[in-house]
Amino acid sequence: MIQENIKAVQKNIEDACTRVSRPKEEVTLIAVSKTKPLEMLKEAYAAGCRDFGENKVQELADKYEAMPKDVRWHMIGHLQRNKVKYLVGKVCLIHSVDSVRLAEEISKEAMKKGVSVNILVEVNVAEEESKFGTTCAETADLVKKIASLPGIFVKGLMTIAPYVEKSEENRQHFVNLRKLSVDIKKQNIDNVSMDILSMGMSGDYLVAIEEGATYVRVGTGIFGERTYSIG
Ligand SMILES: *Cc1c(COP(=O)(O)O)cnc(C)c1O
């Protein structure tokens, strides 16, 4: 089942890329495996998935130990500063950085371990009350402050769009995130690349790709409904 789902999602991704004349290599599928058991991750791995997304540090660390070492782990959930030390050195990208204080902790841990850490700045592009992330207006300033810290590279932006019935409703949010990343790229800030746009989930990843997503984060569309949902 998982294998078929992945094939179907990959096909949808390719079709969306074709629609807007983007090479399919520009888009990477992250299999969001939060709450799902190891057997399901192994099935996805066997089907070719190498990028996995988790939103809890402990769960990511446990799965990291149990899965093959060529998996690229993505931290996509809200991150507490006291958990940063368990993450640095294991993840390939932290998608959810939204404060200087959190970035300082990541920087400190990166220096301690002698590594550099790639991060995305999370933007609450729809300005929803319930969501983490910086506002569009504050993003450039936050990117600058974070990029000045040692051991951190800002690779782009991430957003979690609102839950909507029709994916079309989120198109403008994706357009706005893209514009914001283009504006910031133009500023040529040291240690900032803006090559990555992490946007789009099971309900809206095709619209996100049409508007420039380079990472889509798909959970339900690969592994089925979660028995409990986490933020
Ligand atoms: C859970 C989650 C996803 C995946 O959501 P689905 O709707 O199941 O595809 C993507 N991104 C983030 C940040 C998540 O927490």
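Residues numbered from 1 in each chain as written. Predicted model: local features only at pLDDT ≥ 70, side-chain atom pairs only at ≥ 80, totals over all residues. Heavy atoms only, no water.

Asks: Lay out the pattern of salt bridges with the relevant residues and their values.
Replies: On inspection of all chains with the given rule, the structure shows 17 salt bridges. Notably, a salt bridge pairs Lys 11 with Asp 15, separated by 3.0 Å at the nearest N-O pair. Of the two residues, Lys 11 and Asp 15 both sit in helix H1 (residues 2–19), four residues apart, roughly one turn of that helix. One salt bridge connects Glu 210 with Arg 19, and the closest N-O pair in it is separated by 2.8 Å. One end of the pair, Glu 210, is in helix H7 (residues 205–210); the other, Arg 19, is in helix H1, and 191 residues separate them in sequence. Several salt bridges converge on common partners, so that one network encompasses Arg 19, Glu 168, Arg 171, Glu 210 and Glu 211. (Salt bridge = Lys/Arg side-chain N within 4 Å of Asp/Glu carboxyl O. Helix = DSSP H or I, 4+ residues; strand = E, 2+ residues; numbered from the N terminus.)

Asks: Summarise the state of the cysteines; cite the residues concerned and give the values.
Replies: Within this structure, the stated rule accounts for zero disulfides. The closest cysteine sulfur to the non-disulfide-bonded Cys 49 is located on Cys 92, 13 Å from its own sulfur. Since its relative accessible area comes to 5%, Cys 49 is described here as buried. (Disulfide = S-S within 2.5 Å. Buried < 20%, exposed > 50% of the residue type's maximum accessible area, 1.4 Å probe, protein only.)

Asks: Got a sec to walk through the nonpolar core? Specific residues and values, please.
Replies: The biggest cluster of nonpolar side chains holds 65 residues, and the ones touching the most others in it are Phe 52, Ile 94, Ile 106 and Ile 119. Here this core takes six residues from H1, the largest share from any one element. In this structure, Ile 106 is in contact with Val 84, Val 88, Ile 94, Val 97, Val 117, Ile 119 and Ile 152, ignoring residues within four places of it in sequence. Ile 30, Ile 76, Met 158 and Tyr 215 belong to the second largest nonpolar core, which has eight residues in total. (Core = buried A, V, L, I, M, F, W, Y, C linked by side-chain atoms within 4.5 Å. Contact = heavy atoms within 4.5 Å.)

Asks: Residues and numbers for the site of the ligand, please.
Replies: Neighbouring the ligand are twelve residues; Lys 34, Ser 202, Arg 217, Gly 219 and Thr 220 lie closest to it. Measuring from an oxygen atom of the ligand, one finds a side-chain N or O atom of Ser 202 at 2.5 Å. Looking at the shell around the ligand, its residues break down into five nonpolar, four polar and three charged. (Near = heavy atom within 4 Å. Polar contact = N/O pair within 3.5 Å; in protein donor to acceptor, adjacent residues only side chain to side chain. Nonpolar A, V, L, I, M, F, W, Y, C, P; charged D, E, K, R; others polar.)

Asks: I'd like to hear about the pairing of strand E1 (residues 28–32), residue by residue, with values.
Replies: Counted residue by residue, E1 has four buried out of five residues, so it is predominantly covered. When E1 meets strand E2 (residues 51–54), the two strands line up parallel, connected through two bridges. Bridging across to E2, Ala 31 finds its partner in Phe 52. A crossover connection joins E1 to the parallel E2 through helix H2 (residues 38–46); in handedness this β-α-β unit is right-handed. (Pairing = 2+ DSSP bridges. Right-handed = clockwise from strand over helix to strand, strands pointing away.)

Asks: Pulling in residues and values, what's your account of the environment of Cys 49?
Replies: Positionally, Cys 49 belongs in the loop between H2 and E2. Aside from chain neighbours lying at most four places away, what touches Cys 49 is Ile 6, Ala 31 and Ala 44.

Asks: Could you give me a rundown of the pairing of strand E7 (residues 192–198), with the residues and numbers involved?
Replies: Counted residue by residue, E7 has six buried out of seven residues, so it is predominantly covered. Regarding the hand of the β-α-β motif, the stretch spanning strand E6 (residues 152–158), helix H6 (residues 171–186) and E7 is right-handed.

Geometric values such as these leave the question of function open.
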